[in-house]
Amino acid sequence: MKVLGIESSAHTFGVGIVDKGRVLANEKSMYKITTAGMIPAEVADFHIEHAAGVIDNALSKANLSFDDIQGVCYTKGPGIGPCLQVGQLSAKTIALNLGVKITTVNHCVAHIEIAKHFAKQKDPIALYVSGGNSQILKIKKTPHKHYHVLGETFDIGVGNMLDNFARSAKLNPAWGSTVAKYAKDGRYLDMPYTVKGMDFSFTGLLTRATSLIGKEKIEDLCFSIQEASFSMLCEALERALMLTKSKEICACGGVAQSERLRSMLSEIAKEHNFKFGYAPDQYNADNGAMIAFVGERNLKGKHHVPLEKCTIDQKFRTDLATVY
Ligand code: FE2
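Keep in mind it's a predicted model, so treat the numbers as computed, not measured. (Residues numbered from 1 in each chain as written. Predicted model: local features only at pLDDT ≥ 70, side-chain atom pairs only at ≥ 80, totals over all residues. Heavy atoms only, no water.)

**Student:** For this particular structure, what's the right way to read the overall build of the protein chain?
**Tutor:** A count of helices and strands for the protein chain gives 10 helices and 12 strands. On C-alpha atoms alone, the protein chain measures out to a radius of gyration of 19 Å, which is about the 20 Å that the 2.2 N^0.38 rule sets for 324 residues. Oriented by its inertia axes, the alpha-carbon framework of the protein chain measures out at about 60 × 45 × 30 Å. Put simply, the protein chain has 324 residues, and 55% of those count as buried. Per element, the accessible surface of the protein chain, about 14200 Å² overall, is 51% carbon and sulfur. For the protein chain, the distance from the average site of its 38 positive side-chain charges to the average site of its 33 negative ones is 5 Å. (Helix = DSSP H or I, 4+ residues; strand = E, 2+ residues; numbered from the N terminus. Rg over C-alpha atoms; globule rule 2.2 N^0.38 Å. Buried < 20%, exposed > 50% of the residue type's maximum accessible area, 1.4 Å probe, protein only. Areas by Shrake-Rupley, 256 points an atom, 1.4 Å probe, with all protein chains shown as cover. Lys, Arg positive; Asp, Glu negative; His and termini not counted. Charge placed at Lys NZ, Arg CZ, Asp CG, Glu CD.)

**Student:** Sorry if this is basic, but what is going on with helix 4 (residues 158-168) here?
**Tutor:** Think of an α-helix as turning once every 3.6 residues; residues three or four places apart then point the same way. Residues of helix 4 that are buried include every one of Val158, Gly159, Met161, Leu162, Asp163, Phe165 and Ala166, and no others. Taken together, the buried residues of helix 4 touch strand 6 (125-129), strand 7 (134-140), helix 5 (176-183), helix 6 (203-211) and helix 7 (218-243). Downstream of helix 4 by one or two residues, Lys170 has phi in the positive range, about 55 degrees. (Contact = heavy atoms within 4.5 Å.)

**Student:** Looking at this model, I keep getting lost on the pattern of salt bridges. Mind explaining?
**Tutor:** In a structure, side chains of opposite charge can pair up when their charged atoms sit close to one another. For the structure shown, the criterion picks out 14 salt bridges. Arg297 serves as the salt-bridge partner of Glu113, at 2.7 Å between the closest nitrogen and oxygen. Linking Glu113 in helix 3 (residues 107-119) with Arg297 in helix 10 (residues 288-300), this pair joins segments that are 184 residues apart in sequence. Look at Arg297 and you get partly exposed, because its relative accessible area is 28%. Among the ionic contacts, a cluster of salt bridges with common partners joins Lys2, Asp19 and Lys20. (Salt bridge = Lys/Arg side-chain N within 4 Å of Asp/Glu carboxyl O.)

**Student:** Please clarify how the sheet that holds strand 6 should be interpreted in this entry.
**Tutor:** Across a sheet, strands are paired by hydrogen bonds formed along the backbone, either parallel or antiparallel in direction. Taken together, five strands build an open sheet; the order of strands is 8-7-6-11-12 and the sheet is mixed. Strands at the two margins of the open sheet, each flanked by one partner only, are strand 8 (146-152) and strand 12 (275-278). Direction aside, neighbouring strands of the sheet carry axes that sit 25 degrees apart on average. With six bridges connecting them, strand 7 and strand 8 associate as antiparallel partners. Across the sheet, residue Lys138 finds its bridge partner in strand 8, namely His148. Along the sheet, helix 3 contacts strand 6, strand 7, strand 8, strand 11 (248-252) and strand 12; its crossing angle with strand 11, the most-contacted strand, is approximately 125 degrees. In the packing of helix 8 (residues 259-272) onto the sheet, the strands contacted are strand 6, strand 11 and strand 12, and the crossing angle to strand 12 comes to about 155 degrees. (Pairing = 2+ DSSP bridges. Axes fitted to C-alpha atoms, helices over the stretch in contact; angles between N-to-C directions.)

**Student:** Please explain the nonpolar core as it appears in this structure.
**Tutor:** Side chains that are nonpolar tend, in soluble globular proteins, to be buried together. Ranked by size, the top nonpolar core spans 47 residues in total, and within it Ile136, Val158 and Phe165 carry the most contacts. Elements that contribute at least two residues to this core include exactly strand 6, helix 4, helix 5, helix 6, helix 7, strand 11 and helix 8. Considering each element in turn, this core owes the most residues, 12 residues, to helix 7. If you look at the next biggest cluster of nonpolar residues, it comprises 30 residues, including Ile114, Ala126, Leu137 and Val294. (Core = buried A, V, L, I, M, F, W, Y, C linked by side-chain atoms within 4.5 Å.)

**Student:** Explain the side chain of Asn284 here, please?
**Tutor:** Structurally, Asn284 can be placed in helix 9 (residues 281-284). Within the structure, the side chain of Asn284 is placed 2.9 Å from the backbone oxygen of Ala279, a separation counted as a polar contact. In this structure, Asn284 is in contact with His111, Ala251, Cys252, Gly253, Gly254, Ala256, Gln257, Arg262 and Ala279, ignoring residues within four places of it in sequence. (Polar contact = N/O pair within 3.5 Å; in protein donor to acceptor, adjacent residues only side chain to side chain.)

**Student:** What exactly am I supposed to notice about the packing of helix 1 (residues 40-61) against helix 2 (residues 81-98) here?
**Tutor:** For any two helices packed against each other, one specifies the crossing angle of their axes together with the interaxial distance. Axis separation between helix 1 and helix 2 bottoms out at 8 Å; the angle between their running directions is 30 degrees. Looking at the two axes, helix 1 sits roughly parallel to helix 2. In this structure, helix 1 meets helix 2 at a crossing whose hand is right-handed. Contacts between helix 1 and helix 2 involve Pro40, Val43, Ala44, His47, Ile48, Ala51 and Ile55 on the former and, on the latter, Pro82, Cys83, Val86, Ser90 and Ile94. Partitioning the contact of helix 1 with helix 2 into residue classes produces 10 nonpolar, two polar and no charged. (Parallel < 35°, antiparallel > 145°, perpendicular 65-115°, else oblique. Left-handed = near helix turned anticlockwise from the far one by under 90°. Nonpolar A, V, L, I, M, F, W, Y, C, P; charged D, E, K, R; others polar.)

**Student:** In this structure, what is going on with the sheet that holds strand 3 (residues 22-30)? I would like to understand it.
**Tutor:** The strand order 3-2-1-4-5 describes an open sheet built from five strands, whose pairing is mixed. A strand with exactly one partner marks an edge of an open sheet, and here the two such strands are strand 3 and strand 5 (101-106). Each neighbouring strand pair of the sheet contributes to a mean axis angle of 20 degrees, computed without reference to strand direction. Pairing of strand 2 (residues 12-19) with strand 3, which is carried by eight bridges, proceeds in the antiparallel orientation. In the sheet register, Asp19 faces strand 3, and the bridge partner there is Arg22. In this fold helix 1 packs onto strand 1 (2-7), strand 2 and strand 3, with an angle of close to 155 degrees to the strand it touches most, strand 3. The sheet strands contacting helix 3 are strand 1, strand 4 (71-77) and strand 5, and the helix crosses strand 5 at an angle near 85 degrees.

**Student:** When you look at the pairing of strand 11 in this model, what are you seeing that I'm missing?
**Tutor:** The two faces of the sheet receive side chains in turn, since in a regular strand these alternate between them. Most of strand 11 sits inside the fold, with five of its five residues counted as buried. Residues Glu248, Cys250 and Cys252 of strand 11 are buried on one face, and the alternating residues Ile249 and Ala251, pointing to the opposite face, are buried as well. Pairing between strand 6 and strand 11: four bridges, direction parallel. Paired with Leu127 across the two strands is Ala251, which belongs to strand 11. Sheet analysis places strand 11 next to strand 12, joined by four bridges and oriented parallel. Each residue of the ladder has a partner; that of Ile249, found in strand 12, is Phe276.

The analysis is restricted to geometry; functional conclusions fall outside its scope.
Shown next, in the form of structure tokens:
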């Protein structure tokens, strides 16, 4: 079933086309984040401007026309309201015009499911780490099949924390990947480390690292903020692994592109004889293919949504989404 999926929860307007679980296209346009961060109305304007072009690119990449599309889906949430609305309206317009079924997808579930697919895992503990989210999850079958949150951040996502530090330190581009580059030549400075059971917190670490900008070498600060935050994630994950019977670890989300985090996770997996996997980078960053991937499965299972009930939910928690 050829399904077109639209992702627009934050800086990326992405369009994916999937058929029988195979990705035929994964096109995107990404808003360039300035030192001011993401201004919702500006990002939404960017998505409006680029939506038609990205949809066209995806269709030509897949060598298809609109008439070939048999189903449509979009990110319902979580995300930035005005940005989500652009994807919602684009998807509804396409579905209405083509007369095909439409469904909605939870952004976090899509990240996990596409990573699980590429990692060839069945029932992993998922470490979902991105800008807005940081969670440790595992499928639970009751009262409905969903991702049960074993642990999560008390405050901000690890990606936002790294980006926020990068902006304060005036790194260019102000992203976690630039922090990673500087971190290669750094040494460890004492940093706050906050893990409570399987939950963790990043704001103390961010405040401390930011307060030392200009007083300590940037390489040392980058190394320390990265090392402390990833170690916190790993400690919480290890505890979650011991409490469940899972033998697989699956990393997903934008921060799962970090080589350092991957090497720490792979060490944990080796030590406990677990399998560790993740998706290729283009599927860890926000993308339309992951939405289409879950959307196709939902639509095949006849879990479509009436047009009038196709809403958005900025705070759509991972554990509230049913996994089909
Ligand atoms: Fe994401």
